[in-house]
Amino acid sequence: MSDLNGTRQLLQGNEAIVHGALAAGCRFFAGYPITPASEIAEQFSLLLPAYDGTFIQMEDEIASMGAVIGSSLAGVKAMTATSGPGFSLMQENLGFACCAEVPCVITNVMRGGPSTGLPTSPAQGDVQMARWGTHGDHPIIVLAVSSVMDSFTITVKAFNLSEKYRVPVIILSDEVVAHTRECVELPPTKDIRVIDRIKPSVPPEWFTPYEGDARGVPPMASFGDGYRHHVTGLIHDKRGFPTQNSDEIEAFHLRLSQKITRGFPEIQMTREFFLDDAQVFVIAYGSVARSALSAVQEARKSGIKAGLLQLITLFPFPRGTVSPLLNQCRAVLVPEMNMGQISREVQRVNQTDCQVVKHNRIDGQSITPTEIYKHLVKL
Amino acid sequence: MHVPAQELRKKYLRHDKKFPHVWCPGCGNGIVMGSLLRAISNLKLSKDEVVMASGIGCSGRMPTYLDFNTLHTTHGRALTFATGIKLAKPSLTVMAIMGDGDSTAIGGNHFIHAARRNLNLTAFIINNSIYGMTGGQYSPTTPFGSYSTTSVYGHVEHAFSIAELAVTAGASFVARTTVYHADLMDKLLEQAIVKRGFAVVEIISNCHVQYGRRNKLGGAVEMITGFRDNAVTVGKAAKMSEEELEGKTTIGVLADREMPISIEEYAKIRKRAQEEKK
């Protein structure tokens, strides 16, 4: 367990992700240097040996993702961290992890894109890529962190969800959160809930590696546990072997999708501020959510019934929480450091006459409370 | 030690699950698989301790048929997955089986870095000079001037020598054989599996369907006997001139060296860090 648990610390967002991962039981990190995520690799390199874990710097992000999956298959919780260009390279093996249902966590500290883009400026341009970056229909969970404390607690949650649902979990941070230093009270170890994947309880000869339990999630054996089985990125049957049978192919896709759908109440995390009597509200995530909270507090002082819905889970999109608020309010503001990637989702689920207003910054600057306030008074 | 083929098949193949296989009649992959099973049997490795990873292509299907912990990864990436497995659970015997395009085109970067990194991993590369599964396109080992579905006017690029590449990149053990030299292959695979550090065996194989046919090299028998006629042992090759070696295949052990290997060095760091923590 993390030595810092239960203590007060001055940490950077990137460092807090490392401590969250260690607290969640992560003992393997593979990565490739990239700004603004490199501190995560550096901290893991420093700390993992003492935890009997392994750090390795691979030749690129494709290899990093491969090594992370390998470690998880051998039973050791693993993660990697990168930024946009590296995240692009990871999409190939990320799809493998979705297909073969290998738990793993990927942090993307977002910077301005496309291509090499703006290496040291904040952005939120990788939101839709986190959901749809790898090819084919696939399940995935995408979480966003807004503070140093979030970077710790949400990382623990990311590992827990990944282990519980056997699905890759993406943590989206941004340059502002990653490099901000804040004083945080890390919870004591006894208060940190850690979930591990369920292992098979049947004898090896009865083991069917891809037969879902009641939740649709198959128990997972590690390589070397005595449950010899086959793992492939080809669409496979319950035994894990490639199949061309259309019934089996459909059953595979439906189970992968439904295991996440069944977990919606637990997976879709949001934070609500001043929403009970709100007439207008803001939907925000990442560092922007903090500017939004300031702006909403100011608006309340000016007599505007404003609220904030902070999204922790971006995907699966928390429609169940968003829809009733769209019904309740006359307008919603969606500020983002991109051209409008979550506002698309809001518009998609909006079946009322609630007005969806976008506020976008794509100039490498973060969004200030004043900007959001100015919008709120006009809604 | 001779174990009857029937026993090997019964012990190591997923005979009741995954057959028939996808390989064409006469394919060298079956010879390699047989040799691999003899090596594993001779070394008395427990099936639970063996991990076999592969990439994409005809060679990539081999683990599917074998009753070990098997992993069929993405194209060219077998060694990256194998690296994660080995580091996470060093007690496992981890092998990667790859093709020529798989290991030296799309996976070329991973291959040279695996050799440089020198973990306790074993890589078997079946080199048939072509992309067979996708229909006979040229690979990094397709010889200059030869024909494929993407070099219909004759190939204008020069081929990689995979084993020599591995030697230069720093692998602890490098050997080459052909599917004709099955006895030698048995011995080399055994040596490679037990070797401390990264071990590579390049196995020259025949794709008479996609390569031999287009280059008038005959069927499986003609191609495999061609390997016999073209092979020169490492010892003999040392006494031959460059001109005499033109077009020949050097077989045997090309490198066998001892050096500090990363996984053992990292274990020392881990031990030290844990002692300091106390």
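Residues numbered from 1 in each chain as written. Chains lettered and ligands numbered in written order. Predicted model: local features only at pLDDT ≥ 70, side-chain atom pairs only at ≥ 80, totals over all residues.

## So, the sheet that holds strand S8 (residues 199-204) of chain B
Two orientations exist for strands paired in a sheet by backbone hydrogen bonds: parallel and antiparallel. Selection criterion: Think of it this way: DSSP has to see at least two bridges between two strands before they count as a pair. Starting at the N terminus, helices and strands are each numbered in turn, a helix being any DSSP run of H or I of at least four residues and a strand any DSSP run of E of at least two. Only C-alpha atoms enter the line fits that serve as axes; for helices the fit covers just the stretch in contact. Angles between N-to-C directions range over 0 to 180 degrees.
Here nine strands make up an open sheet; going across it, the order is S10(A)-S2(B)-S1(B)-S3(B)-S4(B)-S8(B)-S7(B)-S10(B)-S9(B) and the pairing mixed. Two strands lie at the open edges of the sheet, namely strand S10 (230-232) of chain A together with strand S9 (231-233) of chain B, each paired on one side alone. Pairwise comparison of adjacent strand axes, ignoring direction, gives a mean angle of 20 degrees for this sheet. The pairing of strand S4 (residues 122-127) of chain B with S8(B) spans six bridges and is classified as parallel. Bridging across to S8(B), B:Ile125 finds its partner in B:Glu202.

## A look at the domain arrangement of chain A
All names here are of chain A. Heads up, the condition is: Each domain span listed reflects an automatic or database assignment of domains. The contact criterion used here is simple: two residues whose C-beta atoms, placed from the backbone, lie within 7 Å are in contact. Each residue gets one label: Ala, Val, Leu, Ile, Met, Phe, Trp, Tyr, Cys and Pro are nonpolar, Asp, Glu, Lys and Arg are charged, and the others, such as Gly, are polar.
What the domain assignment reports for chain A is domain 1 (8-191) and domain 2 (270-378). Placing the centre of domain 1 and that of domain 2 at their C-alpha centroids yields a distance of 26 Å. With 24 residues of domain 1 at the interface, the matching set in domain 2 holds 18 residues. When residues of the side of domain 1 that touches domain 2 are traced back to their parent elements, those giving at least two are strand S6 (118-122), helix H5 (127-132), strand S7 (141-144), strand S8 (168-174) and helix H7 (175-179). Taken together, the residues of the side of domain 1 that touches domain 2 sort by class into 15 nonpolar, seven polar and two charged.

## Details of unusual backbone geometry
Quick note on the threshold: Every C-beta atom is placed from the backbone, and the number of other C-beta atoms within 10 Å of a residue's own sets its class: buried at 20 or more, exposed at 12 or fewer, partly exposed in between.
The residue after A:Gly113, namely A:Pro114, is reached through a cis peptide bond having omega 0 degrees. Looking at the secondary structure, you find A:Pro114 in the loop between strand S5 (104-112) and S6. Along the chain, B:Phe19 connects to B:Pro20 via a cis peptide bond; the corresponding omega equals 10 degrees. The topology assignment puts B:Pro20 in the loop between helix H1 (5-12) and helix H2 (29-42). Although it is not a glycine, A:Glu101 adopts a positive phi angle of roughly 55 degrees. Mapping A:Glu101 onto the fold places it in the loop between helix H4 (84-100) and S5. The buried category is assigned to A:Glu101, around which 22 C-beta atoms lie within 10 Å. Of note, B:Asn118 is a non-glycine position whose phi angle comes to about 60 degrees, a positive value. Among the secondary structure elements, B:Asn118 is positioned in the loop between helix H5 (108-117) and S4.

## A closer look at the interface of chain B and chain A
Every contact between the two is made by 36 residues of chain B and, on the other side, 36 residues of chain A. Of all the elements in the fold, those that place two or more residues in the side of chain B that touches chain A are strand S2 (69-72), helix H3 (78-88), H5 and helix H12 (262-277) of chain B. Considering each element in turn, the side of chain B that touches chain A owes the most residues, eight residues, to H3(B). In terms of residue class, the side of chain B that touches chain A is made up of twelve nonpolar, 14 polar and ten charged. Judged from the three bridges that link them, S10(A) and S2(B) form a sheet pairing that is parallel. Looking at S2(B), one finds that A:Val231 is bridged to B:Leu71.

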